[in-house]
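Structure at a glance
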Amino acid sequence: MEMGKAVLKRVAVWTVLGIVGGGVAADMFWRQKGAQEQANLHTQQTQELQRLEAQLKTLTDQLAAERLRREALERSLSEGRK
């Protein structure tokens, strides 16, 4: 009977240690995975920001060119009226 209790105690202790150890390992894995996902997201956001900045510059340049064309047209129209 003593042998059965000793085995039962060992099984209980190893089970608790396994659960705790598994929990720690899962937590470490989860944190590492989260850090990798965060780094990937940061990279994606940086690339998207660069793309949007380039698009904004293009649109700004187009707007400036359109303003110059409009001003030139207004000047030529006003000179034609004189």
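Let me sum up the structure you'll find in this document. As the structure is a computational prediction, the values presented were derived from the model and not from experiment.

What about the overall build of the protein chain?
- Of regular secondary structure, the protein chain possesses one helix and zero strands.
- For a compact globule of 82 residues, the expected C-alpha radius of gyration is about 12 Å, and the protein chain comes in at 35 Å, more than 25% above that figure.
- Dimensions of the protein chain, computed from the C-alpha atoms along their principal axes, are close to 120 × 15 × 5 Å.
- Looking at the protein chain, you have 13 positive and 10 negative side-chain charges, and the mean spots of the two groups are 5 Å apart.

Comments concerning the pattern of salt bridges
- Tallied over the entire structure, the rule returns five salt bridges.
- Ionic pairing is found between R70 and E74, a salt bridge with its closest N-O pair at 4.0 Å. With R70 and E74 both in helix α1 (residues 2-81) and four residues apart, the pair spans about one turn of that helix.
- On the accessibility criterion, R70 (46% relative accessible area) is partly exposed.

Focus on a nonpolar patch on the surface
- On the surface, a cluster of nonpolar side chains totalling about 380 Å² of accessible area is made up of V16, V20, V24 and M28.
- Within the secondary structure layout, V24 lies in helix α1.

Quick word on the environment of A39
- Tracing the sequence through the fold places A39 in helix α1.
- For the pair A39 and S78, spaced 39 residues apart in the sequence, the C-alpha separation amounts to 58 Å.

Calculation rules
Residues numbered from 1 in each chain as written. Predicted model: local features only at pLDDT ≥ 70, side-chain atom pairs only at ≥ 80, totals over all residues. Heavy atoms only, no water. Helix = DSSP H or I, 4+ residues; strand = E, 2+ residues; numbered from the N terminus. Rg over C-alpha atoms; globule rule 2.2 N^0.38 Å. Lys, Arg positive; Asp, Glu negative; His and termini not counted. Charge placed at Lys NZ, Arg CZ, Asp CG, Glu CD. Salt bridge = Lys/Arg side-chain N within 4 Å of Asp/Glu carboxyl O. Buried < 20%, exposed > 50% of the residue type's maximum accessible area, 1.4 Å probe, protein only. Patch = residues over 30% accessible without salt bridge, like charges linked within 9 Å, V, L, I, M, F, W, Y side chains within 5 Å. Areas by Shrake-Rupley, 256 points an atom, 1.4 Å probe, with all protein chains shown as cover.

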